[in-house]
Structure formats: structure tokens, C-alpha cells
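# Reading the structure
Chain by chain, the residues:
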Amino acid sequence: MRTMDYGVSTYDLNKGDCFGLTIGLAKLISMCIHMQDVAQVVHPYLLQRCSKSVDFSLKCAWLLDAYSCDISSPSNLNHSLSSKLKTRIFALHSRSMSKRSHSRSSESQDCDRKCHARSRSDTIGIQQHVPSTYSSPQCSLGDITSGHAFDNGCFCFDSCEGRMSQVCGRQVQCTCNAPRLSPQLEFIRVLINMSKTLASLRSKEAKTSRLLADLTTLNHNLPARVWLPLYSDQPHHIVRIPPSAAAVLNSKDKAPYIIYCEVVLVEDLTNSGLIAKASSSLRHSRSEDNMMYSPRNYYNVTEPWSKKEARIRQSSPYGHIPSWRLMAAIVKSGDDLRQELLASQLLTLLQKIWDIERVPLILHPYKILCLSNDSGLIEPILNTVSLHQIKKNSQVSLLEYFIQEFGDINSEGFLAAQKNFVQSTAAYSLVCYLLQVKDRHNGNILLSGEGHLIHIDFGFILSLSPRNLGFETSPFKLTLEVVEVFGGVDMFCYFKILMLQGLIAARKHMDKILSLVEIMRSGSQLPCFKSGAATVQNLKNRFHMNLTEEQLQVLIDKLVDSSIHSLSTKLYDGFQYYTNGIL
Amino acid sequence: MPEQSNDYRVVVFGAGGVGKSSLVLRFVKGTFRESYIPTIEDTYRQVISCNKNICTLQITDTTGSHQFPAMQRLSISKGHAFILVYSCTSRQSLEELRPIWEVIRETKGGANELASIPIMLVGNKCDETENREVSAAEGEAEAKMWGCHFMETSAKTNHNVKELFAELLNLEKNRNISLQLEKKGQLKGTRKLKEKCSVM
């Protein structure tokens, strides 16, 4: 087993197969921690990637934190290996910078000697005056009341030279020894701590006003060289977090909250200058006053994203900047998100498989960032509303809601939404069956603005179900109301054909799915693996390798039938209504 | 009414087994397979030029062996151009096109609007001379009655396949569409780069 994984990893690293993207950092890190022989191959690779990117380094560090907590004894060899890796990553960013700056200046001097470029020699002249050692007496990292909580004291961008270069459109390199990782680390720490504080408060009102106050204080420290790691594929700096747009989300004993961050896209996370802080001009303060939204109304889930973005942009002092964007994230603490991460990886993998096999099934995996074993960031799915909200607010059946939203049954809008609905329902039905996703109440099922059904909350998968009631015994959740939207025999038939094709395609690529689960399971204490090796075996059994395609069709028919007629689904919805008030 | 989007959508209809997928696959991938695998619905995309810009040609290969009226209505209402395929070896398959033609006519409105929509009646498998049931003249006459254009093809021998799609796009009078694409090399280059993403 080990040698096989070893082979896989070197192959992946050197070549990057078509599934390269889904291998994911988490899988690599997990292998790194639990398999010593793999670690030796992967460490140099990771370090090399880390040396190039601050964002990558931080992600590695967080994952190392999250995944190494399962190792019981700290004296364990693997543990020391992973902590050594972490130290090396951090060391990389204090050492490499000074080294790089030296090599850079010598390089440019060489170049200068050869080509006698006047402007070059001028820059170097200035550079010699810049103190090469970083010193910041009033360093207040992490103290959000200071207004400089995310300021590592780097002057490279504010110096004469830095400004000149920026004006000329040249890239500035940070050459001082300011700790490059610290601002972002502090920023994330502050976000998590806020969630922890909120959890200790009792009433929702208290939580909401505390969140508002905390974010207002936090804003004094922005803009800063901090970003949402969920969206680091679009490098950006956060300039402001409008406090009144944020909201505490419903949860019993924890306090996840959603923030909307105003960001400005930059070329490079570390080597781009910061936007100057907008002074609260008259225009700005007036627009703030004009906002009559109470925080409650402000967080309107059904408000289309584009509208929200336009509204916030208009009232923002940074809104005029062309590369201004709005990005949202859910901050959660008190929950282990590693299982969500596993689900997200599996969903991404399944979607890839179906794309390759040309099966039109639609999943919507969302990004997860584990910051430790009990905190993290979640990408909110935009423009969605949960089935629970539909039922509560509109009090009509799902089909009637579709007609309201998308138009008459024969209109193009309705037909397109219906097709999306069938394709996504089939996809998630397969996922629910294969991964044994439980806790499927209507609060965990969303509907997108285009009619896609989207499942969220993968806290109960594989061998785990909530409170171990064993309540939901049906293969997946398929209510009559959902079937009603299918509209008739033909789309219902299409639904079953899609499920069959999807299962056949998934079965063809079963190895990839199993190996991902196996790697993430190794040495893991995650509750979804509490049945141990049997978890993987059971998963494998659900692919039914021994059945012919005709037999699979019979199986799908049976699964769909028993799901529709499942009493337990109805019971579970009733149970959720009585215990959590979810319709 | 389909909006003037950056997609140009062509929908292929016809009875089961007349060679819809074969035609599309021959055009898109240049391949042909003898075995018959019923299609549910499949969409292929290709970059073409439209009004001197690049746009996506989206070819929807529909099912001939299942009845999905809702999906049929949707693809008709979203489609910009249509290919109606029958097999020269089966008169039945030509007759089965008539109801589809009716739905297109109903969905796309009056005779004037219909005339501006590129529709091609296609007799496929024209290489199978021994089993022929429908002559080219008969096909032509049928097309005239329906007010659409006509062509005989063979996906197997690659006869008239590229011509079919070129001619269909040529019929579109609202935009200037063609299969030719300048800067083809460049596009390919950027695509390759994208595929080389690493671990993240």
C-alpha cells in the first residue's frame, strides 16, 4: 500500500495527471504527516513551492496544524517531522528574503556594469541608503485597537524608492526583514477569536451587536496586506469589511458568521503596494448615514449577489477603485472542518469524473480552508436559498415556487431551471448514496438562482449519522415535492438514466475515489472513519463492481423507489421541525 | 426568443439510430465508430468566429431513443439552428421527423421568422446504396415542402459532414459566422498553459 502511494505521489508531483488538481494540498499534507517515506519526497517539493508563495506557505502551515493533531504522542517521529517542516517553512520566509535581496542587488549591479543603464544605478544609489535591517519600535501586530494590527513595519513600499517605482509601474520587492507571514496570520487569528468570543454570548442580539462592534474596530486596521485565502487564485488585499453587512448565522451552540470583504485586486500578494486608507470624507460619512438598513434586514440571503455588490460598492469609500471586488467568507470555530474538506475534495473529484465521462451531472463543491482542527473558513454559495426558507417564506410547494421564480411551465426559463434541477438532484442523490451523507433536512439543501439543487453541510458522512439515531435509513432524500418539480414521467426517467450513467462513470474511476478516502483516513481520528478500514470497504461495496449495467439499472430503480416511499425521510423532517424548527 | 449571446447553438434532432451522434462526432473529433450507443443528451463546444470575434459553437446531440418532451422544448427554444437527420435506409425515420418539425414551427413562431432560422434536413448513411429507401430527390422534395435546406451525408465515409456545418452557419443571416478561426495557434497555446495547473 505504502509503496503504491509513494509511486502515485512522485508521479503526481513530476507530471501532474489530469486529476492533478484534485489531489489537493490536504492530501499531500496528510500523506506527509502519516507516511514517513512519502514525507521525504514531498517535503522538498512543498518547501520549493513555499519559497515562491506566502499564501502557499500559510496554507501548508494551517493544514499541518489541522492534521497533525491526531497524532497521539508528541514524541512520535512523524510529529517531529511535520513540526520540523513547519519551522522550515517559517524560517524560509525570514531567511530567503534577505538572501534574495542580496542576490538581487548583486545581480542588478552585474547588469549595471554591463549595460550602464543610468536609471538602474540611480535606484541602487537610493537602495544603499535604505536601512537593510528591519526595525519597528512601535510594532503592534495583532492588537486591533492599535490601528496597526496587521502592519509588520515594512517600509519598502512607502520609501521614496518604493513610491517612485510604483509610479513608474515597476514592481517593488520587499527587502527589509519585516515578518512577511505575520500580518495574515494575525488577521486570521483575529477572525477566529471573534467567532470564539461570539460563541460565549447567549442571545442572538448580543452576538450580532458584538460582531458589529468587533468589525468596526477591525476596520481601523484596514487596508492591510491581508487577504481571504479562499480566493487566493485572485490575489487581493482587503480594504474594508462593512460591519453592517456581516451576520451571525444560525447555530445552536457555536457562532459561525459571514463577512463580506471589500477587496482590491493586486498583482502580487506581497509585492504590491497598499491602497491608502480612505479618510472619512464628507461624502463617505453621509453615505454611511444614509444606510437605513438595520443589520437584520441587511443580511438578506435572497438578495442577488450583483445587487448586494453594487449596493456595498456605492456606499464604500473604496468603491471608485476599478479593481474593487466583494468577496464573502464564513468564519467558523468550534467545528472540525476536515470532514467538510474531505467532502469538498470528493465532490470536486466526482465532478471531474463526470465531466470527463460526459455525464451531465452538476455538483457544486464549495471551498474549505482548515485553519486548525476546530476552525476554518468556508466559501458561501452565492445566490441560493434553502428549501427551508422557501417553505417558511413563501408557503407554497416547490413546484409553485419554481413557476413563481422561473416562469410558466412551458417557458424557456422554467424548462432550463427544471433541467438544472434534475441534473443536480441526480448528482447529489448519487453523492448522498455513495458517501452516505446524513442529516439531510431542508435547511441543508439549497436552491440556486438557476434551479440547481445544492447540498451543504457534510458533517455526517460515511459511517457517521447525527446522534446515531440511525433515523435516515433511505439511500438518499427524494421527496414527492422534488419529484413533482420533475414534472412527469419523461424527466423522472431522465433522472434515473442520469443516476445510472453517473454511477457507471464513478465506478470506472473508483480507484481514484477510494485512494483519496484511504489517504485521508490513514492515521485520522475523524468521526466519519470510526468504522476504521470497514469504512473504505463499505464505500467500495456501494460501487457494486460485481453487477452488470442491466443489474445496476435495477439497483437504481430500487434505490429511487425506496427513497421516494421512505417513511423515515418524512419522519426525519418531522423530527427536525420539532427539535430545530426547520421546516 | 434566443438572445444574441456569445454562444451559437445548433441542435441535432432525429429518430434513434439515424447517426446523429456519428455526424457530430465526425465533425467535432473526426472519428467514427461502428457500435451503437444510444445518446441521452450530449453537448459539444467548439470555438468559431462570429462577426470577427470568437464565439462558441455549441452542438447539442439529442436523444432519438427516449422521449423527453420537456428537454426537447428547451433545446428548441434555446437553439439558433437545427439539423434534422433521417437515415436514407429508413423511410420511417424521415416520417418521424415531422412531429419535431411541427414543434420547431410552433415554438419559433410565424412563417417569416421561421424562414430566417437555419434548418437543414439531412439524409445520412447515403453510402449504403443497397439498403436505400429514400432517394435524394424525395428528400429534396420534403425539404422544399418544409421550406428548409437539404443535404445528403455519410458520417462513415466523411461525405459532406464539414460541408453540412459550414453551409448551416452560412445560412445564418443575422450574424456573420464561420468555422474558420484566425489566431488558432494562439488560443491553443493559452489553453495548454491552463491545463498545467499544479497541486492547489
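Source: prediction; values computed, not measured. (Residues numbered from 1 in each chain as written. Chains lettered and ligands numbered in written order. Predicted model: local features only at pLDDT ≥ 70, side-chain atom pairs only at ≥ 80, totals over all residues. Heavy atoms only, no water.)

### Concerning the interface of chain B and chain A
Here is the rule we go by: Note on contacts: a residue pair qualifies if any of its non-hydrogen atoms lie within 4.5 Å across the two residues. Buried area: the sum, over both parts, of the accessible surface (1.4 Å probe) that disappears when the two are put together. By definition, a salt bridge exists where a carboxyl oxygen of Asp or Glu is found within 4 Å of a side-chain nitrogen of Lys or Arg. Under this definition, polar contacts are N or O atom pairs within 3.5 Å; protein pairs additionally need one hydrogen-donor-capable and one acceptor-capable atom, and for neighbouring residues in sequence, both atoms have to be side-chain atoms. Think of it this way: any DSSP run of H or I at least four residues long counts as a helix, any run of E at least two long counts as a strand, and we number them from the N terminus. Under the scheme applied, nonpolar residues are Ala, Val, Leu, Ile, Met, Phe, Trp, Tyr, Cys and Pro; charged residues are Asp, Glu, Lys and Arg; polar residues are all the others, including Gly.
Taken together, the contacts link 19 residues of chain B with 23 residues of chain A. Surface buried jointly by chain B and chain A totals about 2,000 Å² across both partners, of which 63% is contributed by carbon and sulfur atoms. Ionic pairing is found between R358(A) and D42(B), a salt bridge with its closest N-O pair at 3.0 Å. Our count for the contact surface shared by chain B and chain A stands at six residue pairs in polar contact (both at pLDDT 80 or more). Counting residues per element, the ones that place at least two in the side of chain B that touches chain A are β2 (42-50) and α2 (69-78) of chain B. Residue composition of the side of chain B that touches chain A, by class: 10 nonpolar, five polar and four charged.

### Quick look at the nonpolar core
All names here are of chain A. Short version of the rule: We call a set of buried Ala, Val, Leu, Ile, Met, Phe, Trp, Tyr and Cys residues a nonpolar core when their side-chain atoms join them within 4.5 Å. Burial classes follow relative accessibility: with a 1.4 Å probe on protein chains only, a residue under 20% of its type's maximum area counts as buried, one over 50% as exposed, and anything between as partly exposed.
Grouped together as the largest cluster of nonpolar side chains are 130 residues, with contacts concentrated most on L46 and W354. Not counting residues within four places of it along the chain, the set of residues in contact with L46 comprises L25, L28, I29, C32, F56, C60 and L85. Within the second largest apolar cluster, 38 residues are counted, among which are I188, M194, L269 and L369.

### Re helix α20 (residues 533-541) of chain A
Residues and elements named next belong to chain A. Keep this limit in mind: In this context, the arc is that of the directions from the helix axis out to the C-beta atoms.
For α20, the full list of buried residues reads T535, V536 and L539. For α20, the angular spread of buried residues about the axis comes to 95°, placing them on one side. Structurally, α20 contributes buried residues whose contacts are with α16 (412-435) and α19 (510-521).

### Re the packing of helix α13 (residues 338-356) of chain A against α16(A)
Residue and element names in this part refer to chain A. Counted only if it meets this: Every axis corresponds to a line fitted to the C-alpha atoms, with the helix fit spanning only the stretch in contact, and the corresponding angles, defined between N-to-C directions, vary from 0 to 180 degrees. The labels follow the angle: roughly parallel below 35 degrees, roughly antiparallel above 145, roughly perpendicular from 65 to 115, and oblique for the rest. Helix crossings are classified by the rotation of the near helix relative to the far one: an anticlockwise turn of less than a right angle makes the crossing left-handed, while a clockwise turn makes it right-handed.
Packing of α13 against α16 brings their axes to within 12 Å, and their N-to-C directions diverge by 125°. Relative to α16, the element α13 lies oblique. Crossing geometry of α13 relative to α16 is assigned as right-handed. Two secondary-structure elements touch here, α13 through L346, L347, L350 and W354 and α16 through A427, Y428, L430, V431 and L435. A breakdown of the residues in the contact of α13 with α16 according to their chemical character gives nine nonpolar, no polar and no charged.

### Re the domain arrangement of chain A
Residues and elements named next belong to chain A. As a reminder of what qualifies: Each domain's extent was defined by an automatic or database domain assignment.
Per the domain assignment, the segments making up chain A are domain 1 (3-91), domain 2 (160-276 + 302-333) and domain 3 (383-580). Contacts between the two partners involve seven residues from domain 1 and, on the opposite side, 10 residues from domain 2. The tally of links from domain 1 across to domain 2 stands at four residue pairs in polar contact (both at pLDDT 80 or more). Among the elements that take part in the side of domain 1 that touches domain 2, helix α4 (residues 54-68) stands out by supplying six residues, more than any other. By residue class, the composition of the side of domain 1 that touches domain 2 is four nonpolar, one polar and two charged.

### Points about the sheet that holds strand β8 (residues 445-448) of chain A
Residues and elements named next belong to chain A. Worth spelling out the cut-off: Two strands qualify as a pair provided DSSP detects at least 2 bridges between them.
Strands sit in the order β7-β8-β9 across an open sheet of three strands; the sheet is antiparallel. Edge strands, defined here as strands with exactly one partner in the open sheet, are β7 (384-386) and β9 (453-455). Each strand axis lies, on average, 35° off the axis of its neighbour in the sheet, ignoring direction. Here three bridges tie β7 to β8, and the two strands are oriented antiparallel to one another. Paired with S386 across the strands is L446, a residue of β8. Packing of α16 onto the sheet brings it into contact with β8 and β9, and relative to β9 it is tilted by some 25°.

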